[in-house]
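# Structural description and commentary
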Amino acid sequence: MKPKDLTELSDQELLQEAKKKKAAAITNAILIGFLIGVVCFSIIKSTLGLFTLIPLFFAYKLINNSKYDNKELEELLKQRGLK
């Protein structure tokens, strides 16, 4: 099942999508901070290896994980006068 295009969403669905996006951004920031902390701890303990690379991989995946483009969502909200 494909996600709907942003232009096909109703006003209420668009506002819900914006709330989800904001909550997901906060959660991702916390997880990325934790993973970077694990990497720093690993470097301080001089154990470069798998314990360092795995958190870096997950942090990269979290950073690049987005369903819609933020700019497109913001422009659509502004165009409809919802925010």
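Residues numbered from 1 in each chain as written. Predicted model: local features only at pLDDT ≥ 70, side-chain atom pairs only at ≥ 80, totals over all residues. Heavy atoms only, no water.

Glancing now at the nonpolar core. The tendency in soluble globular proteins is for nonpolar side chains to be buried side by side. With seven residues, the main nonpolar core is built from Leu6, Leu9, Leu14, Ala18, Leu73, Leu76 and Leu77. When contributions to this core are tallied by element, the ones reaching two or more residues are helix H1 (11–44) and helix H3 (70–80). Element by element, the count of residues in this core is highest for H3, at three residues. For leucine 14, the contacting residues outside a window of four places in its chain are Leu6, Leu9, Leu73, Leu76, Leu77, Arg80 and Leu82. (Core = buried A, V, L, I, M, F, W, Y, C linked by side-chain atoms within 4.5 Å. Buried < 20%, exposed > 50% of the residue type's maximum accessible area, 1.4 Å probe, protein only. Helix = DSSP H or I, 4+ residues; strand = E, 2+ residues; numbered from the N terminus. Contact = heavy atoms within 4.5 Å.)

Let us look at the packing of H1 against helix H2 (residues 50–63). Between H1 and H2, the least distance of the axes is 9 Å, while the angle of their chain directions is 160 degrees. Relative to H2, the element H1 is oriented roughly antiparallel. Taken as a pair, H1 and H2 cross one another with a handedness that is left-handed. Side by side, H1 and H2 meet where Asn28, Leu31, Ile32, Leu35, Val38, Val39 and Ser42 of the first sit next to Phe51, Thr52, Pro55, Leu56, Phe58, Ala59, Leu62 and Ile63 of the second. Taken together, the residues of the contact of H1 with H2 break down into twelve nonpolar, three polar and no charged. (Axes fitted to C-alpha atoms, helices over the stretch in contact; angles between N-to-C directions. Parallel < 35°, antiparallel > 145°, perpendicular 65-115°, else oblique. Left-handed = near helix turned anticlockwise from the far one by under 90°. Nonpolar A, V, L, I, M, F, W, Y, C, P; charged D, E, K, R; others polar.)

So, on to the environment of leucine 53. Residue position: leucine 53 is located in helix H2. Between the alpha carbons of leucine 53 and serine 42 there is a distance of 9.9 Å; along the sequence they are eleven residues apart.

We now examine H2. Quick reminder: α-helices carry 3.6 residues per turn. Residues three or four places apart thus point the same way. Over its 14 residues, H2 extends 20 Å from the first C-alpha to the last, a length consistent with the 20 Å expected when each residue adds 1.5 Å. Thr52, Pro55, Ala59 and Leu62 are the residues of H2 that are buried. Take H2 and look down its axis: the buried residues cluster within an arc of 100 degrees, on one side only. Turned more than 90 degrees away from the buried face of H2 sit Leu50, Leu53 and Tyr60, all of them exposed. Where H2 is buried, its residues meet H1. (Expected span 1.5 Å × (residues − 1). Arc of directions from axis to C-beta.)

Inspection of the secondary structure assignment puts alanine 18 in helix H1. The class for alanine 18 is buried, based on a relative accessible area of 15%. Sequence separation of alanine 18 and leucine 77 is 59 residues, and the distance between their C-alpha atoms is 8.7 Å. The contacts of alanine 18, once residues within four sequence positions are left out, are Leu73 and Leu77.

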